[in-house]
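# Working through the structure, step by step
Each chain, written out:
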Amino acid sequence: MARIFPFRPYRYAPSAGPLDRLVTQPYDKISPAMQARYLSLSPYNLVRIILGERKAGDTDEENVYTRAAAHFEAWRREGVLQRDATPAFYAYFQEFTVPGGQERLVRKGFIGLGAVEDYEARIVHRHEQTLSGPKKDRLQVLEHTRAHFGQIFMLYPDPERAVDAILDEAAQGEPAACVTDEYGAVHTLWRIDQPAQIEKMQALMADKKLLIADGHHRYETALNFRNAHPELPGAANVMMTFVNMHSPGLRILATHRVVSNVPSLAPATFLERAAAHFSVTPLVSQAELEMAWAAPHAATVRIGVAFPGDGPLYLLETPREGRLDVPVLHETVLRDVLGISEEAVRDEKHLKYVRGLNAAVKEVREGGAQAAFLLEPTPIEDMARISFGGGVMPQKSTDFYPKLLSGLTIYKVDEA
């Protein structure tokens, strides 16, 4: 039973300035260059809290986390952040163009609180493994600020789109916020605060299983925080954006793997070893790879490979037998053929994750990497089947686009 609740978030006041100078991409998508740009945009940009500058003289008493807490307290005291007067859900629409395409889509969801559930309860399901480092970092931010600044991206099954109908109705009204991000995606919020609508949404969601699309580290941080703070009732919930997995605006992009510094990765040797597991076909161009992917191949895993220079690409093919492309790549290609251990994959010792087919091929052709392994997007149906069945996929198996902005709503757990 999915338990969801309206809430009274803090949001940026109009006096803080334009929203596009204040809100950010999720913390784990912020590069050093993005961090510097965010810092330059406004003294109230959220990056100062979720991913502040570390300084050489930092101590236990003065550090990135204590500064985050001080900013958050000052911004609330000064009215930069103001708390909404009444509880609500927030319809959250994202209008965007898929990278590399022309189609303009709208992904529809809503922001609310969701109960923090142990995985064993089989209400909230994960689809990826997590790392300890990011969870320690996020826990420090949460301990110091007692607040969640970004939402966990949750999927739920609603083929009839009953919840979407309520969101569409809310979107006829005046937006509570609207901002265009640096990638051209338009993010718009509308309040849903009528008791009848709130109760209907809670009833419609009550029988849903929830699947974490993005935010595994932050969800498990919320679990750890809840367990460490039974004295805080608000710690039993975390801020989530709920999106119907049957929504026509839901898109998953492929995340390709670029490999470097592997002594055994000579192209000829690799292809010889790979032939023990795959049929190997040379391709004259990237376009030929895309044509192969476009042809029906439900029963076959097809993985592209690019090497340095201007030689051919290669297509690795093997019977699917119920498997997904990413586990085949990790278990057969990376582990069995190249000898890259699971620990090395977790530590990203040899791997770089690249969005975009052109960018991945360019990394190898021009960037000095040894090989690029090129993947198709994971179908949402396959991801749900594995996750709801209790399985877990390798990291970076999915890339939902666009990301949810941080700072549109803020949940203070000790003021719930």
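Please read all numbers here as calculations on a predicted model, not as lab measurements. (Residues numbered from 1 in each chain as written. Predicted model: local features only at pLDDT ≥ 70, side-chain atom pairs only at ≥ 80, totals over all residues. Heavy atoms only, no water.)

## A short note on unusual backbone geometry
In this structure, the amide linkage connecting Y401 to the following residue, P402, adopts the cis form with an omega of -5 degrees. Position of P402 among the secondary structure elements: in the loop between β20 (399–400) and β21 (411–412). You will see that R146, though not glycine, has its phi angle at about 55 degrees, which is positive. Within the secondary structure, R146 sits in the loop between α4 (132–145) and β7 (147–148). For R146, a relative accessible area of 23% gives the class partly exposed. Positive phi values are uncommon outside glycine, yet R161 reaches one of about 55 degrees. (Helix = DSSP H or I, 4+ residues; strand = E, 2+ residues; numbered from the N terminus. Buried < 20%, exposed > 50% of the residue type's maximum accessible area, 1.4 Å probe, protein only.)

## Remarks on the nonpolar core
The tendency in soluble globular proteins is for nonpolar side chains to be buried side by side. With 63 residues, the main nonpolar core has Y12, F149, L155 and F400 as its most contacted residues. A total of six residues in this core trace back to one element, the largest contributor, which is helix α3 (residues 64–77). In this structure, A91, I152, I192 and A222 belong to the second largest nonpolar core, which totals 30 residues. (Core = buried A, V, L, I, M, F, W, Y, C linked by side-chain atoms within 4.5 Å.)

## Quick notes on the packing of helix α9 (residues 286–294) against helix α12 (residues 357–365)
Their axes nearest at 12 Å, the elements α9 and α12 cross at an angle of 140 degrees. Taken together, α9 and α12 sit at an angle that is classed as oblique. For the crossing formed where α9 meets α12, the hand is right-handed. Touching Q286, L289, E290 and W293 of α9 are L357, N358 and V361, all from α12. Residues of the contact of α9 with α12, tallied by class, amount to four nonpolar, two polar and one charged. (Axes fitted to C-alpha atoms, helices over the stretch in contact; angles between N-to-C directions. Parallel < 35°, antiparallel > 145°, perpendicular 65-115°, else oblique. Left-handed = near helix turned anticlockwise from the far one by under 90°. Contact = heavy atoms within 4.5 Å. Nonpolar A, V, L, I, M, F, W, Y, C, P; charged D, E, K, R; others polar.)

## What to know about the sheet that holds strand β19 (residues 371–374)
A sheet is described by the order of its strands in space; here six strands give the open sequence β15-β17-β16-β19-β14-β18, paired in antiparallel fashion. The outermost strands of the open sheet, each flanked by one partner alone, are β15 (279–283) and β18 (351–355). Ignoring strand direction, the axes of neighbouring strands in this sheet form an average angle of 25 degrees. Where helix α8 (residues 267–274) meets the sheet, its contacts fall on β15, β16 (300–306), β17 (313–319) and β19, and the angle it forms with β17 comes to roughly 15 degrees. (Pairing = 2+ DSSP bridges.)

## Some thoughts on the packing of aromatic side chains
In this structure the tally under the stated criterion is 14 aromatic pairs. On the basis of an interplanar angle of 90 degrees and a centroid distance of 5.9 Å, the ring pair of Y44 and W75 is categorised as edge-to-face. Within this pair, whereas Y44 is found in the loop between α1 (32–41) and α2 (47–50), its partner W75 is found in helix α3, the two being separated by 31 residues in sequence. The exposure class of Y44 is partly exposed, given its relative accessible area of 25%. Residue W75 is classed as buried on the basis of its relative accessible area, which comes to 3%. Arranged with centres 6.0 Å apart and planes meeting at 65 degrees, the rings of F307 and Y314 form a pair that is edge-to-face. In this structure, R76 packs its charged tip against the face of F72, placed 4.4 Å from the ring centre. Over the ring of Y27 we find R138, and its NZ or CZ is 3.9 Å from the ring centre. (Phe/Tyr/Trp six-rings, centres within 6.5 Å; stacked < 30°, edge-to-face > 60°. Lys NZ or Arg CZ within 6 Å of the ring centre and 35° of its normal.)

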